[in-house]
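Geometric and topological summary
Listed below are the residues making up each chain.
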Amino acid sequence: MSAPTAPPRTVICVGDVHGYIAKLESLWSNLQSALPADAFAAALVIFLGDYNDRGPHTREVIEFLLALPARHPAQRHVFLCGNHDLAFAAFVGELPPPPDGSPFSATWEEYIDNEEHEGWFRGPGYEGMHLQGRRWGGVIKERWNPKKWLPYRGSIYDAQPTFESYGVAHGSPDLAKAVPEEHKRFLSDLVWIHEEENVPIDTDEGQIICNLIAVHAGLEKSIDLNEQLRVLRTRDTRVPKVPMLSGRQDVWNTPKDLTGKQTIVVSGHHGQLHIDGLRFIIDEGGGYEDKPIAAIVFPSKTLIRSTE
């Protein structure tokens, strides 16, 4: 008699947190209550990025995430880099250097016409800063964000609450001193993509086994897939604006190269929930104060939300 087959490992994908510690704690508690104890204890948990900005408690969010491996040692935790996290890391000097040795200032040229309007950071150290760090720590001239119908908070990234969570004013170069070394390592270690094999998913035709690609915004439809994967796997910081971390319409769908290949593509970033076949966008909160953080659980495709 053969031994019984072990149940498939539960995979949990958590949407954008954006500095809301109470929502994160509520979501985590709800996940723990909703799942069988053994499934939760051994789950692969993929956080889809954007831990900072907009909400008031970035520092507490990162503390929570850093504590998870000790609290749940049988789980695996993956922390993806979102566009907000990349910009935070750029401002405090925690991005990996460009692989060709070029200076970060080389990332400015393509978007230099936006410098005045977006109010890029020009304080101490800006000369060696990646474009997104300058945008993140700057002060945007417009006060109102027409896409969100909310006022900007400091910069185009709404970074002011992140600065304040570490006890410094928006745009202060002292943030690099105020952020604990452990938090800097967290930012430095964020991955731009996670690829997982043998992930089961329930469908109308029964359970199938898929590959899974998790990336903050999605995969671009007009860029060669292998080139996208190279940029993401190597964290190529020569790229001024990484569309797979910050794009919108062009990263919404699964690229044609993956069509029919039983590959789950899961992202956050877009401020909504969207499920179409094996394409999953899990960002119900979008950084809005009145919306929950959501997570999806595989293989069942169950959606769990914060309820604080």
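Reading the values: the criteria
Residues numbered from 1 in each chain as written. Predicted model: local features only at pLDDT ≥ 70, side-chain atom pairs only at ≥ 80, totals over all residues. Heavy atoms only, no water. Pairing = 2+ DSSP bridges. Helix = DSSP H or I, 4+ residues; strand = E, 2+ residues; numbered from the N terminus. Axes fitted to C-alpha atoms, helices over the stretch in contact; angles between N-to-C directions. Contact = heavy atoms within 4.5 Å. UniProt positions renumbered as here; feature names shortened; annotations may be inferred. Core = buried A, V, L, I, M, F, W, Y, C linked by side-chain atoms within 4.5 Å. Buried < 20%, exposed > 50% of the residue type's maximum accessible area, 1.4 Å probe, protein only. Parallel < 35°, antiparallel > 145°, perpendicular 65-115°, else oblique. Left-handed = near helix turned anticlockwise from the far one by under 90°. Phe/Tyr/Trp six-rings, centres within 6.5 Å; stacked < 30°, edge-to-face > 60°.

In the annotation of an unreviewed UniProt entry, the entry for the chain reads Calcineurin-like phosphoesterase domain-containing protein, and the organism field reads Urochloa decumbens.

1. A closer look at the sheet that holds strand E12 (residues 302-305)
Taken together, the five strands give an open sheet; going across it, the order is E3-E2-E1-E11-E12, and neighbouring strands pair in mixed fashion. Every interior strand has two partners, whereas the edge strands, strand E3 (76-79) and E12, have only one. The mean angle between the axes of side-by-side strands here comes to 20°, regardless of whether they run parallel or antiparallel. Here strand E11 (residues 294-298) runs beside E12; their pairing, made up of four bridges, is antiparallel. Note that in E12 the partner of Val-297 across the bridge is Thr-302. Of the strands in this sheet, strand E1 (11-14), strand E2 (44-47), E11 and E12 are in contact with helix H1 (residues 21-34), which crosses E12 at around 140°.

2. Regarding the UniProt feature "domain: Calcineurin-like phosphoesterase" (unreviewed entry) in the chain
Taking the numbering used here, the UniProt-annotated feature "domain: Calcineurin-like phosphoesterase" (unreviewed entry) corresponds to residues 10-195. Across residues 10-195 one finds 39% helix and 10% strand; the C-alpha atoms that close the span lie 15 Å apart.

3. Observations concerning the nonpolar core
If you look at soluble globular proteins, the nonpolar side chains tend to sit buried side by side. Counting 65 residues, the largest nonpolar core has Ile-12, Phe-47, Leu-65 and Leu-175 as the members making the most contacts within it. For this core, the element with the most residues is helix H4 (residues 83-91), which contributes six residues. Among the nonpolar cores identified, the runner-up in size contains 19 residues, and Leu-44, Ile-46, Val-266 and Ile-282 belong to it.

4. With respect to the packing of H1 against helix H3 (residues 58-71)
Taken N-terminus to C-terminus, the directions of H1 and H3 make an angle of 25°; their axes are 9 Å apart at the nearest point. By the angle between their directions, the pair H1 and H3 is classed as roughly parallel. In this structure, H1 meets H3 at a crossing whose hand is right-handed. Residues Ile-21, Leu-24, Glu-25 and Trp-28 of H1 form the contact with H3, whose participating residues are Glu-60, Val-61, Phe-64, Leu-65, Leu-68 and Arg-71.

5. Section: the packing of aromatic side chains
Taken as a whole and judged by the stated rule, the model has 14 aromatic pairs. Centroid distance Phe-47 to Phe-79: 5.4 Å. Interplanar angle 25°. Geometry classified as stacked. Here Phe-47 is found in strand E2, whereas its partner Phe-79 is found in strand E3, with 32 residues between them in sequence. Classification of Phe-47 as buried rests on a relative accessible area of 0%. Residue classification places Phe-79 among the buried residues on the basis of a relative accessible area of 16%. Between Phe-91 and Phe-163, the ring centres sit 5.3 Å apart and the planes meet at 75°, which makes this aromatic pair edge-to-face. With Phe-91 in helix H4 and Phe-163 in helix H7 (residues 160-165), this pair connects stretches of sequence that are 72 residues apart. Here Phe-91 falls in the buried class, since its relative accessible area comes to 7%.

6. A word on the side chain of Arg-134
Checked against the element boundaries, Arg-134 lands in helix H6 (residues 131-137). Taking relative accessible area as the criterion, Arg-134 reaches 1% and is therefore assigned buried. Residues contacting Arg-134, with those up to four places away along its chain left out, are Trp-108, Glu-115, Trp-120, Phe-121, Arg-122, Tyr-126 and Met-129.

7. Structural notes on the environment of Ala-294
With respect to the helices and strands, the residue Ala-294 is situated in strand E11. Judged by its relative accessible area of 1%, Ala-294 is buried. Taking the C-alpha atoms as reference points, Ala-294 and Thr-307, 13 residues apart in sequence, are found 9.9 Å from one another. When sequence neighbours within four positions are dropped, the list of residues in contact with Ala-294 reads Cys-13, Val-14, Gly-15, Leu-27, Leu-273, Ile-282, Glu-284, Ile-304 and Arg-305.

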